[in-house]
Amino acid sequence: MGRFDLHELAAKFPATAKTMLLDTYLSDTPEASVRLFRPYREVRPHYHVGCDEVLYVLSGKGTFWMRDPSETAPFGPGQLLIFPRRTVHAMPSLLETPVVFLAIDTPRRAPDDIIFVDSADGTASDFIAAIE
């Protein structure tokens, strides 16, 4: 605990997933969770109630928006995305895969802390699962 090879861990994600994302926790305390995760398809508009989410783009390219879908912007390796709690955000396209993020959630993000704007877009169990 404390030292991680992020690229080595990212290589362990499978090529496909049943959920929108797969993740693995690097640290999980009440104060913060640190995760590596890979989205496998578009992530519909959602927000988190209990935490701020900070994402570092480790690999891949895509588009995201925060608050307003008309302000969609690209993201790529080396960029940092910050989503304050309760801020609606989405990832409408994955342009170059695999997309892998290092996520820091403060305080810890509970696995069920995902609220889709349109409830038909999914549930916490549709959204993310741990890699096996």
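What counts and how
- Residues numbered from 1 in each chain as written.
- Predicted model: local features only at pLDDT ≥ 70, side-chain atom pairs only at ≥ 80, totals over all residues.
- Heavy atoms only, no water.
- Helix = DSSP H or I, 4+ residues; strand = E, 2+ residues; numbered from the N terminus.
- Contact = heavy atoms within 4.5 Å.
- Phe/Tyr/Trp six-rings, centres within 6.5 Å; stacked < 30°, edge-to-face > 60°.

(A) Fine view of the environment of D113. Here D113 shows up in the loop between β7 (89-106) and β8 (115-116). Considered as a pair, D113 and A124 are 11 residues apart in the sequence and their alpha carbons are 7.2 Å apart. Discounting chain neighbours no more than four positions away, the residues touching D113 are Y47, H48, V49, G50 and C51.

(B) Broad picture of the packing of aromatic side chains. The tally for this structure, following the rule as stated, stands at five aromatic pairs. When the centroid spacing of 6.1 Å and the interplanar angle of 75° are considered together, the rings of F64 and F83 count as edge-to-face. One end of the pair, F64, is in strand β4 (residues 52-66); the other, F83, is in strand β6 (residues 80-83), with 19 residues separating them in the sequence. One aromatic cluster is present, formed by F37, F64, F75, F83 and F101 through successive ring pairs.

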